[in-house]
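# An overview of the molecular structure
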Amino acid sequence: MSPATVSVVIPCRDQRSDVLEALESVFAQTVPALEVIVIDDGSSDGSGDAVRERFGSRVRVLRAECGCASGARNVGWRAASGTWIAFLDADDLWSPAKLEVAMAMLRDATDAVWFCSDGEYRSLDGVLHPSWFDLHVDVREPYVGSPLEALFGINFVLGVATGLTME
């Protein structure tokens, strides 16, 4: 099997300043992504143009009229070439070692087909929270195994801190 690579997929609709900050968190990773794809889902605020202007060829911007983040994510992962797809919403941030830690965990979990992790997020009131788990669930970090029982109790999966394999 070839070494694992990560494609980052970011759906965006009218989130010009947020998506630029999210991308800065992607490019601050201690382990770089293979590629970064932003899906500009019909933005009217110039989000896609701002991404192209600031990041140039480091980001592939795809224009689509999906109408929702999940539709835009589908466009993104279908265009991706990494062995893993990591999702990040335009208004969320990753800590600098997010991909490094995920890839280290996945090297040991050879039968894994998806992953989730803790993550920073900005709530609707604009407050930046350093941990989703701290606010919503008591989960040991790192949490590796069969989380089905815990998922029935509370869905602790932060959608933008998830990924899936393409192999």
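One can find the structure itself at the top, above this paragraph.
For every chain, the first residue of its written sequence is number 1, and the numbers climb from 1 along that sequence. It should be noted that, the model being predicted, local features are given only for residues of pLDDT at least 70 and side-chain atom pairs only at 80 or more, the latter also being counted only at that level, while totals for whole chains, interfaces and linings use all residues. Each side-chain value is derived from all of the structure's non-hydrogen atoms; neither hydrogens nor water enter the calculation.

This next bit is on the overall build of the chain. Counting from the N terminus, the helices are DSSP H or I runs at least four residues long and the strands are E runs at least two residues long. Scanning the chain from terminus to terminus reveals six helices and nine strands. Intrachain contacts of the chain at a sequence separation of at least 6 include 70% that bridge at least 24 residues. Two residues form a contact once any of their heavy atoms are found within 4.5 Å.

Two aromatic rings from Phe, Tyr or Trp, using only the six-membered ring of Trp, form a pair when their centres are within 6.5 Å; if the ring planes differ by under 30 degrees the pair is stacked, by over 60 it is edge-to-face, and anything between is tilted. Summed over all chains, the structure comprises one aromatic pair. Think of it as a cone above the ring: NZ of Lys or CZ of Arg counts as a charge over the ring if it is within 6 Å of the ring centre and within 35 degrees of the ring normal. Positioned above the aromatic ring of Phe27 is the side chain of Arg58, whose terminal nitrogen or guanidinium carbon lies 4.2 Å from the ring centre.

Bringing the nonpolar core into the picture now. Counting residues in each nonpolar core, the largest one holds 26 residues, and the members touching the most others are Ile10, Val19, Leu23, Val38, Val51 and Val59. Looking at this core, the elements that each hand over two or more residues are β1 (6-12), α1 (16-27), β2 (35-41), α2 (47-55), β4 (84-87) and α4 (98-108). Setting aside residues up to four positions removed in sequence, Ile10 forms contacts with Val19, Leu23, Val26, Val36, Ile37, Val38, Ile39, Leu88, Asp89 and Ala90. Only buried residues count toward a nonpolar core. Its members are Ala, Val, Leu, Ile, Met, Phe, Trp, Tyr and Cys residues joined through side-chain atoms within 4.5 Å. Categorising residues by exposure relies on relative accessible area from a 1.4 Å probe, with only protein chains included: less than 20% of the type maximum marks a residue as buried, more than 50% marks it as exposed, and the intermediate range marks it as partly exposed.

Before going further, it helps to spend a moment on the state of the cysteines. By definition, disulfides here are pairs of cysteine sulfur atoms that lie within 2.5 Å. Applying the stated criterion to the full structure yields zero disulfides. Here Cys68 stays free of any disulfide, with the sulfur of Cys66 as its closest cysteine sulfur at 6.7 Å. On the basis of relative accessible area, Cys68 is assigned to the partly exposed category, the value being 34%.

Among all positions of α2, only Ser47, Gly48, Ala50, Val51 and Phe55 are buried. Buried residues of α2 fall within an arc of 160° about the axis and therefore sit on the same side. Of the residues in α2, the exposed ones pointing more than 90 degrees away from the buried face are Asp49 and Glu53. Of the surrounding secondary structure, the elements contacted by the buried residues of α2 are β1, α1, β2 and β3 (60-64). The arc in question is the one spanned by the directions pointing from the helix axis to the C-beta atoms.

By the alternation rule, side chains of β4 split into Trp84 and Ala86 and Ile85 and Phe87, which are all buried. Paired strands are those between which DSSP finds at least two bridges. With four bridges joining them, β1 and β4 adopt parallel strand pairing. Looking at the pairing, Val8 lines up with Ala86 of β4.

Okay, the environment of Val61 next. Structurally, Val61 is set in strand β3. Classification of Val61 by relative accessible area gives buried; the value is 14%. Sequence-wise, Val61 and Val36 are 25 residues apart; in three dimensions their C-alpha atoms are separated by 8.6 Å. Not counting residues up to four positions away in its chain, the partners in contact with Val61 are Val38, Asp40, Gly48, Val51 and Arg52.

Right, let's get into the packing of α1 against α2. Their axes nearest at 9 Å, the elements α1 and α2 cross at an angle of 35°. As for how α1 packs across α2, the hand of that crossing is right-handed. Contacts from Arg16, Val19, Leu20, Leu23, Glu24 and Phe27 of α1 reach α2 at Ser47, Ala50, Val51, Arg54 and Phe55. Only Asp, Glu, Lys and Arg are considered charged, only Ala, Val, Leu, Ile, Met, Phe, Trp, Tyr, Cys and Pro nonpolar, and every remaining residue, Gly among them, polar. A per-class count over the contact of α1 with α2 returns seven nonpolar, one polar and three charged. Axis angles are defined between N-to-C directions and span 0 to 180 degrees, where every axis is a line fitted to C-alpha atoms and, for a helix, only to the segment in contact. For any helix crossing, the convention is left-handed if the near helix is rotated counterclockwise from the far helix by under a right angle, and right-handed if that rotation is clockwise.

Turning to unusual backbone geometry, a few remarks are in order. In the Ramachandran plot, Asp14 falls in the positive-phi region, its phi being about 55° despite a non-glycine side chain. By the element assignment, Asp14 lies in the loop between β1 and α1.

Below, the discussion takes up the side chain of Gln29. Looking at where Gln29 falls in the secondary structure, it is placed in the loop between α1 and β2. Under this definition, polar contacts are N or O atom pairs within 3.5 Å; protein pairs additionally need one hydrogen-donor-capable and one acceptor-capable atom, and for neighbouring residues in sequence, both atoms have to be side-chain atoms. From its side chain, Gln29 meets the backbone oxygen of Ser25 in a polar contact 3.0 Å long. A polar contact of 2.9 Å, which involves the side chain of Gln29, links it to the backbone oxygen of Ser95. Aside from chain neighbours lying at most four places away, what touches Gln29 is Trp94, Ser95, Pro96, Ala97, Lys98 and Leu99.

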